Amino acid sequence: KDQYMEVEYQDFMTRPVDVVRNVAKMCHLTWDENHLKSIVNDLNSRDFKWKESFSDDQIERLNAIIEED
């Protein structure tokens, strides 16, 4: 448990600096704040990309599956 951290994509994309800080802390790493911010500055969420690939029917079926859980 002490050697495992789950990072959710949505969290990483909405709060990348915080997430990387937490991962670094767990791994006993230090980051220069300016370097860290420069790394995450260029991040672009691709969370919407799946919508471009699926038809309306496929999205409907996917939503039905998700709602079952």
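Above this text you will find the structure in question.
Residues numbered from 1 in each chain as written. Predicted model: local features only at pLDDT ≥ 70, side-chain atom pairs only at ≥ 80, totals over all residues. Heavy atoms only, no water.

K.L.:
How should I be thinking about the environment of Val19 in this particular structure?
P.N.:
Within the secondary structure layout, Val19 lies in helix H2 (residues 16-26). The contacts of Val19, once residues within four sequence positions are left out, are Val7, Asp11 and Phe12. (Helix = DSSP H or I, 4+ residues; strand = E, 2+ residues; numbered from the N terminus. Contact = heavy atoms within 4.5 Å.)

K.L.:
Any chance you could explain the packing of H2 against helix H3 (residues 33-41) here in plain terms?
P.N.:
Each pair of packed helices can be summarised by the angle the axes make with each other and by the distance between the axes. Between H2 and H3, whose axes approach to 10 Å, the crossing angle comes to 125°. Accordingly, the angle class assigned to the pair H2 and H3 is oblique. Considering how the two elements wind past one another, H2 and H3 form a crossing that is right-handed. Where H2 abuts H3, its residues Pro16, Val17, Val20 and Arg21 lie against Glu33, Leu36, Lys37 and Val40. Residue classes in the contact of H2 with H3 are distributed as five nonpolar, no polar and three charged. (Axes fitted to C-alpha atoms, helices over the stretch in contact; angles between N-to-C directions. Parallel < 35°, antiparallel > 145°, perpendicular 65-115°, else oblique. Left-handed = near helix turned anticlockwise from the far one by under 90°. Nonpolar A, V, L, I, M, F, W, Y, C, P; charged D, E, K, R; others polar.)

Geometric values such as these leave the question of function open.
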